[in-house]
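Single-letter residue listing:
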Amino acid sequence: MQTLQMMKERWLKAIEASNDLSLLEQARIAAFGKQGEVTQEMKNLGTLAPEERKERGAALNQLRDDLMAAMETKRTQLKAQELLQRLASESLDVSLPVRPELKGTVHPLSQALFEMTEIFKSMGFSVAEGPHIEEDYYNFDALNIPAEHPARQEHDTFYMPSGKEGVKKVLRTHTSPVQIRTMLAQNPPLRIIAPGRVFRSDYDQTHTPTFHQVEGLMIGEGIHMGHLKHCMTEFFRRMFNLPNLPVRFRPSYFPFTEPSAEVDIGFSRSGENLVLGQGDDWLEILGCGMVHPDVLENCHIDPARFQGFAFGMGVERVAMLKYGILDLRSFYEADTRWLHRYGFSITEGLTGGGER
Ligand code: PHE
């Protein structure tokens, strides 16, 4: 009896000391396997006298039940432990940020168009649009540029095949035909901008075959050059966030405005960058003037009663100056690295002023 008690304690210790499931399994085999110690003891019962066998048999059965129960408890414990360890080592960190390259950006052109439109909207201008494939008449003739006019040569026009009706069409070389369409469709007073894509057959570091303009047109009674000047000065100072930006009007020529002017803004050079608002260099940024009486007449507006101004500027040029972009062609290369460098996030961009 004494030996069975000792044996039981020895096995309970062995079970307790088994630190993982495979050690516990080894202990089980050593006790209850074919050659196991407890199994051997069971077999030995047969060699005993009946009285002794009965007593020892009962004790051995008890020992076996106790050890098996202890093993079962230990097994449950070890399994729970193993599960906890796995949960700890396999856990996912859901707080890791997603890969940044999956985020798109607002193209600097869209951003610039948005900012420009916002400023003109606050000055009471609404947005008008016209087709990219434009009638030759609206792109040129109605704007006082007849067929043999030298200004046509400067436009590097893409001509479309003539249609059935014999109406000549071109890819519009500027947004000015939207002036004509607006004046033909609506009565003064008018105050519109026409942002959009234009086309010229030209390609180098400062010219691409497609680019963007924002056209402006204001027609009413008593509108004069002073209104134009204030409007342009105010626009550029707000667009570039420079309340003292020098803005200069220089006499120029366009067939559809009289008088005509080009607008320059003051800047200086620092390395390959332009610094706006200081120094004594001037950068040409926009063409404008008072709408030519002949153009008003072409649109059935009486020039004796109504006057107005018009302007047109390149969006890429404004965007390059504001955002520090050096090559015009990069706008159209769809290089994602460039887009991540110069693009805007949807939240910082299209909702506000686009400051960096
Ligand atoms: N359409 C002219 C251009 O593309 C710009 C302009 C617009 C000039 C309106 C005067 C008035 O160069």
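Look up a bit, the structure's there.
Report follows, based on the coordinates.

**As for the pattern of salt bridges**
Line of reasoning, step 1. Going through the model one piece at a time under the given rule, you end up with 21 salt bridges.
Line of reasoning, step 2. Salt-bridge contacts for Arg56 lead to Glu41; the nearest nitrogen and oxygen are separated by 2.9 Å. Here Arg56, found in helix α4 (residues 50-89), pairs with Glu41, found in helix α3 (residues 37-44); they are 15 residues apart in sequence, far enough to count as distant. Across the pair, Glu41 and Arg56 agree in class, each one buried.
Line of reasoning, step 3. One salt bridge connects Arg86 with Glu90, and the closest N-O pair in it is separated by 3.8 Å.

**So, the nonpolar core**
The tendency in soluble globular proteins is for nonpolar side chains to be buried as a group.
Line of reasoning, step 1. Judged by nonpolar contacts, the single largest core of 48 residues is most densely connected at Phe120, Phe236, Ile265 and Met313.
Line of reasoning, step 2. Met313 has contacts with Met116, Phe120, His212, Gln213, Val214, Phe235, Phe236, Ile285, Leu286 and Val318, leaving out every residue within four places of it along the chain.
Line of reasoning, step 3. Counting 23 residues, the second largest nonpolar core, distinct from the first, contains Leu143, Met183, Ile192 and Cys299.

**Here we look at the site of the ligand**
Line of reasoning, step 1. Lining the immediate environment of the ligand, one finds 14 residues, of which His174, Ser176, Arg200, Gln213 and Gly312 sit closest.
Line of reasoning, step 2. Ser176 has a polar side-chain atom sitting 2.9 Å from a nitrogen atom of the ligand.
Line of reasoning, step 3. Counting only elements with at least two residues in the shell around the ligand, the list comes to β5 (210-220), β9 (281-291) and β10 (307-314).
Line of reasoning, step 4. With three residues, β10 is the single largest residue contributor to the shell around the ligand.
Line of reasoning, step 5. Its residues placed into classes, the shell around the ligand shows five nonpolar, seven polar and two charged.

**Regarding the environment of Gly308**
Line of reasoning, step 1. Among the secondary structure elements, Gly308 is positioned in strand β10.
Line of reasoning, step 2. Residue class for Gly308 comes out buried when judged on its relative accessible area of 2%.
Line of reasoning, step 3. In this structure Gly308 touches Met218, Ile219, Ile223, Gly289, Met290 and Val291, once residues within four positions along its chain are discounted.

**Structural notes on the side chain of Glu115**
Line of reasoning, step 1. Inspection of the secondary structure assignment puts Glu115 in helix α5 (residues 108-122).
Line of reasoning, step 2. Polar side-chain contacts of Glu115 include one of 2.6 Å to the side chain of Lys322.
Line of reasoning, step 3. Among the polar contacts listed, one links the side chain of Glu115 to the side chain of Tyr323, at a separation of 3.0 Å.

Quick notes on the rules
- Residues numbered from 1 in each chain as written.
- Predicted model: local features only at pLDDT ≥ 70, side-chain atom pairs only at ≥ 80, totals over all residues.
- Heavy atoms only, no water.
- Salt bridge = Lys/Arg side-chain N within 4 Å of Asp/Glu carboxyl O.
- Helix = DSSP H or I, 4+ residues; strand = E, 2+ residues; numbered from the N terminus.
- Buried < 20%, exposed > 50% of the residue type's maximum accessible area, 1.4 Å probe, protein only.
- Core = buried A, V, L, I, M, F, W, Y, C linked by side-chain atoms within 4.5 Å.
- Contact = heavy atoms within 4.5 Å.
- Near = heavy atom within 4 Å.
- Polar contact = N/O pair within 3.5 Å; in protein donor to acceptor, adjacent residues only side chain to side chain.
- Nonpolar A, V, L, I, M, F, W, Y, C, P; charged D, E, K, R; others polar.

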